[in-house]
Amino acid sequence: GTLSNWSVYDGPGHAGNGRRSPSAVSVSGGLLTISGDANGTTGGMAWRLGDAKYGRWEARVKSPVADPAYHAVMLLWPDAENWPAGGEVDFMEISDGTRQKTDFFLHYGAADHQLHGEKVIDATQWHNWAVEWTPTYIATYLDGKEWWRTERAEIFPPGPMHLCIQLDWFPRSARGAVKTSTMQVDWVKQYALSPAETGSAAPRGGR
């Protein structure tokens with residue numbers, strides 16, 4: 001209903017390109033819409049109640065056909081704000097203007113190394129995107145079916161993460177006049193893992 005538990009961005013855009021403005025974020029009829037205009041003014045938001053090392057995050061998202069300069073992204077970001085050493089998990093990044101392909105990126109290490117996955121899917125339709133992070137694997141899911149996994153635990157994020165929703169501006173991808181673009185989110189969920197899954201007596205992060 002409200003965005004009271006979210007921090008809505010107000011400042012420079014991705015990599016300093018364009019601007020992230022609260023005016024680009026709206027909720028109506030139970031749907032969140034983030035818009036991006038021809039000048040690179042767009043939006044994003046971060047879950048305030050982070051502090052979760054391990055868990056499952058899931059969101060129902062639709063991304064209409066858009067300008068290729070706009071990437072619709074669902075990601076986990078380090079609570080410590082220590083990127084790149086703190087890692088980044090982009091479990092849905094849609095950069096294809098026709099919205100027929102989605103990428104996964106796991107950023108790790110001080111030099112920002114990356115693992116990549118790709119899924120061909122019509123993202124203009126509603127789909128459920130999820131990521132599961134445990135001590136032994138990180139896996140992504142589309143409509144409940146796993147489509148990417150790594151068990152390289154040595155490159156996993158070193159600390160707690162929180163969910164972010166962003167429509168990011170990449171002006172180098174623009175082709176001619178940039179058209180207004182949007183992404184929509186129906187709901188998001190966050191699940192804690194059991195003590196057996198985390199190897200601890202008191203798992204954190206359930207919402």
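Residues numbered from 1 in each chain as written. Predicted model: local features only at pLDDT ≥ 70, side-chain atom pairs only at ≥ 80, totals over all residues. Heavy atoms only, no water.

Comments concerning the packing of aromatic side chains
Each aromatic ring pair is summarised here by two numbers: the centre-to-centre distance and the angle between the ring planes. We count it as follows: Here a pair means two rings of Phe, Tyr or Trp (six-membered ring of Trp) with centres within 6.5 Å. Their orientation is stacked below 30 degrees between planes, edge-to-face above 60, and tilted elsewhere. Geometrically, a lysine NZ or arginine CZ counts as sitting over a ring once it is within 6 Å of the ring centre and also within 35 degrees of the ring normal.
Per the counting criterion, the structure on display carries 6 aromatic pairs. Consider the rings of W77 and W83, whose centres lie 6.2 Å apart with planes at 10 degrees: the pair is stacked. Ring-pair connections join several aromatic residues into one group, and the members of that group are Y54, W57 and W133. A cation over an aromatic ring shows up here: R149 above the ring of Y137, its NZ or CZ 4.1 Å from the ring centre. If you follow K189 out to its NZ or CZ, it ends over the ring of W187, 4.6 Å from the centre.

Observations concerning the sheet that holds strand β7 (residues 44-47)
So the rule is basically this: We call two strands paired when DSSP finds no fewer than two bridges between them. Helix and strand definitions here come from DSSP, where helices need a minimum of 4 consecutive H or I residues and strands a minimum of 2 consecutive E residues; each element is numbered from the N-terminal end. For helices, the fitted line uses only the C-alpha atoms of the stretch in contact; every axis is such a line through C-alpha atoms, and the angle between N-to-C directions lies from 0 to 180 degrees.
The strand order across the open sheet built from 7 strands is β1-β7-β16-β9-β10-β11-β12, with neighbouring strands paired in antiparallel fashion. Strands at the two margins of the open sheet, each flanked by one partner only, are β1 (6-8) and β12 (113-120). Ignoring which end each strand starts from, the neighbouring axes of this sheet average 15 degrees apart. In the sheet, strand β10 (residues 88-94) pairs with strand β11 (residues 101-108) via 4 bridges, with the strands oriented antiparallel. Across the sheet, the residue bridging to E93 is D103, located in β11.

Overview of the nonpolar core
The test is simple: Here, the term nonpolar core denotes a set of buried Ala, Val, Leu, Ile, Met, Phe, Trp, Tyr and Cys residues that are joined through side-chain atoms within 4.5 Å. Relative accessibility thresholds used throughout: buried, under 20% of the residue-type maximum; exposed, over 50%; partly exposed, between the two (1.4 Å probe, protein chains only). Contact criterion: two residues are considered in contact whenever any of their non-hydrogen atoms come within 4.5 Å of each other.
If you look at the biggest cluster of nonpolar residues, it comprises 44 residues, and the most contacted ones within it are M74, L76, I165 and M183. Considering every element that reaches this core, the biggest residue donor is strand β16 (residues 161-169), with 5 residues. What M74 contacts, discounting residues up to four positions off in sequence, is A59, V61, V89, D90, F91, M92, L163, C164, I165, M183 and V188. The next biggest cluster of nonpolar side chains, apart from the first, holds 6 residues, and it includes A46, V73, W77 and C164.

Overview of the layout of surface pockets
To find the voids left in a structure, one rolls a probe of water-molecule size over its atoms. Stated precisely, the cut-off is as follows: A cavity here means a set of 1 Å grid points, computed over protein atoms only, where a 1.4 Å probe fits but cannot escape. A pocket is an open set with protein on both sides within 12 Å along at least 5 of 7 lines, and lining residues have an atom within 4 Å of a point. Grid points are joined across faces, edges and corners, and a volume is the space filled by probe spheres set on the points. Classification used: nonpolar for Ala, Val, Leu, Ile, Met, Phe, Trp, Tyr, Cys and Pro, charged for Asp, Glu, Lys and Arg, polar for all others including Gly.
Approximately 450 Å³ is the volume found for the largest pocket. Lining of the largest pocket is provided by 22 residues; of these, H14, W77, E88, Q166 and D168 occupy positions nearest its centre. Among the elements of the structure, β9 (70-78), β10, β11 and β16 are those that each provide at least two residues to the lining of the largest pocket. In terms of residue count, the dominant contributor to the lining of the largest pocket is β16 (4 residues). Here the lining of the largest pocket is composed, by residue class, of 10 nonpolar, 5 polar and 7 charged.

So, the environment of Q184
Tracing the backbone through its elements, the reader meets Q184 in strand β17 (residues 181-191). A residue is classified by how much of its surface remains accessible, and Q184, at 18% relative accessible area, is buried. Residues Q184 and L32, 152 residues apart in the sequence, show an inter-C-alpha distance of 5.5 Å. If sequence neighbours within four positions are ignored, Q184 has contacts with L31, L32, T33, R60, V61, K62 and W126.

Regarding the pattern of salt bridges
Selection rule: Whenever Lys or Arg places a side-chain nitrogen within 4 Å of a carboxyl oxygen from Asp or Glu, that contact is recorded as a salt bridge.
The tally for this structure, following the rule as stated, stands at 9 salt bridges. Note that D168 is salt-bridged to R20, the shortest N-O span being 2.7 Å. Taken together, the residues D168 in strand β16 and R20 in strand β3 (residues 19-20) connect sequence positions 148 residues apart. Here the two residues D168 and R20 agree in accessibility, since each one is buried. Residues joined in a network through salt bridges with shared partners are R56, E58 and E132.

A look at unusual backbone geometry
Cis geometry marks the peptide bond from W83 to P84; its omega dihedral reads 10 degrees. With respect to the helices and strands, the residue P84 is situated in the loop between β9 and β10. For A15, which is not a glycine, the phi torsion comes out positive at approximately 55 degrees. Mapping A15 onto the fold places it in the loop between β2 (11-12) and β3. In this structure A15 comes out as exposed when scored by relative accessible area, which is 65%.

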